[in-house]
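One-letter residues, chain by chain:
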Amino acid sequence: MLNRLVILSLGLALLSGCVTIDQRIKEHQALFTSFPADTQDRLRRGEIVVGDTKDMVYIALGRPDRKFQRIDAGGVNQDVWSYTGVYYTSEIYWPRHRFHRRRHDHDDLHFHGPEMVDVRHEYEHLRIEFTGGSVAVIEQYVR
């Protein structure tokens, strides 16, 4: 029973982090309807431009994966939002020690050689710097 509750709560936590563009617009409905039609269309497409506010970026892209704060030599305080992506590769893994696994029929299998494993890679694909509450710099990952 406890395992089910843990799995259920983890699932709900993951789902609560997945807010759609329509839900974000609904959260900021009054602000969104105050924008011109071309700005509304742009935000719906997930496009941001220099000069957009934090609320506009949130509507278009959602919550950032990471937030930073930068203070430059002139004392200018900038908030930085970072959006990350994930990709997986399969790589050969050479175990350092012998180990065994149990099969469904309880026979031991010993593995001494390599095996393929999936490796998770995280990368930053978008970085947005705000100065005075508005987008000042947009950096995008380019392949």
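Here is a short report on the structure shown in this document. What you see is a predicted model; the values in this text were computed from it and never measured. (Residues numbered from 1 in each chain as written. Predicted model: local features only at pLDDT ≥ 70, side-chain atom pairs only at ≥ 80, totals over all residues. Heavy atoms only, no water.)

1. A few points about the overall build of the chain
Threshold: Helix and strand assignments come from DSSP, with helices taken as H or I runs of at least 4 residues and strands as E runs of at least 2, each series counted from the N terminus. For each residue, the accessible area found with a 1.4 Å probe, counting protein chains only, is set against the maximum for its type, and the residue is called buried under 20%, exposed over 50%, and partly exposed in between. It only takes one pair of heavy atoms within 4.5 Å for two residues to be counted as in contact. Each accessible area is a Shrake-Rupley estimate made with a 1.4 Å probe; only the visible protein chains count as cover when residues are assessed.
Within the chain, the secondary structure is distributed over five helices and six strands. The N-to-C order of helical and strand elements in the chain reads α-α-α-α-α-β-β-β-β-β-β. Looking at the chain residue by residue over its 143 residues, the buried ones come to 22%. Summarising the internal contacts of the chain: among those between residues at least 6 apart in sequence, 50% fall at separations of at least 24. Counting only carbon and sulfur atoms, one obtains 54% of the accessible surface of the chain, whose full area is about 10700 Å².

2. Notes on the nonpolar core
It is characteristic of soluble globular proteins that their nonpolar side chains tend to be buried jointly. Our working definition: To form a nonpolar core, buried Ala, Val, Leu, Ile, Met, Phe, Trp, Tyr and Cys residues must be joined to one another through side-chain atoms within 4.5 Å.
Judged by nonpolar contacts, the single largest core of 15 residues is most densely connected at Leu43, Val57 and Ile128. Elements with a minimum of two residues in this core: α5 (54–61), β2 (77–93) and β5 (115–131). No other element matches the four residues that α5 contributes to this core. Apart from residues no more than four positions distant in its own chain, Leu43 is found in contact with Ile21, Phe32, Phe35, Asp52, Met56, Ile59 and Ala60.

3. Focus on the pattern of salt bridges
Here is the rule: Every case where a carboxyl oxygen of Asp or Glu lies within 4 Å of a side-chain nitrogen of Lys or Arg is listed as a salt bridge.
Counted under the stated rule, the structure contains eight salt bridges. In this structure, the salt-bridge partner of Asp52 is Arg42, at a minimum N-O distance of 2.8 Å. You can see Asp52 sitting in the loop between α4 (37–44) and α5 and its partner Arg42 sitting in helix α4, a full 10 residues away along the chain. As a salt-bridge pair, Arg120 and Glu122 come within 3.4 Å of each other at their nearest N and O atoms.

4. What to know about the sheet that holds β2
Sheet strands pair via backbone hydrogen bonds, and the direction of the pair is either parallel or antiparallel. Worth spelling out the cut-off: Should DSSP find at least two bridges between two strands, the strands are regarded as paired. Axis definition: a line fit to C-alpha positions, over the contact stretch in the case of helices; interaxial angles, taken between N-to-C directions, run 0 to 180 degrees.
Read across the sheet, four strands follow the order β1-β2-β5-β6 without closing on themselves; strand pairing throughout is antiparallel. Looking along the sheet, the strands with just one partner apiece sit at the ends: β1 (66–71) and β6 (134–140). Ignoring which end each strand starts from, the neighbouring axes of this sheet average 30 degrees apart. Here six bridges tie β5 to β6, and the two strands are oriented antiparallel to one another. Its bridge partner lying in β6, Phe130 is registered against Val135. Its contacts with the sheet put α5 on β2, β5 and β6, and the angle it makes with β2 is roughly 25 degrees.

5. Topic: the packing of aromatic side chains
We count it as follows: Pairs were defined over the aromatic rings of Phe, Tyr and Trp, the Trp ring being its six-membered one, requiring ring centres within 6.5 Å. Orientation was assigned from the angle between planes: stacked under 30 degrees, edge-to-face over 60, tilted for the rest.
Evaluation of the coordinates by the stated rule reveals four aromatic pairs. The interplanar angle of 80 degrees and the centroid separation of 6.3 Å between the aromatic rings of Phe32 and Phe35 together place this pair among those described as edge-to-face. For the pair Tyr123 and Tyr141, a centre-to-centre distance of 5.6 Å together with 50 degrees between the ring planes defines the contact as tilted. Placement of Tyr123 in strand β5 and of Tyr141 in the segment after β6 is noted, with a sequence separation of 18 residues between them. When its relative accessible area of 25% is taken as the criterion, Tyr123 is described as partly exposed.

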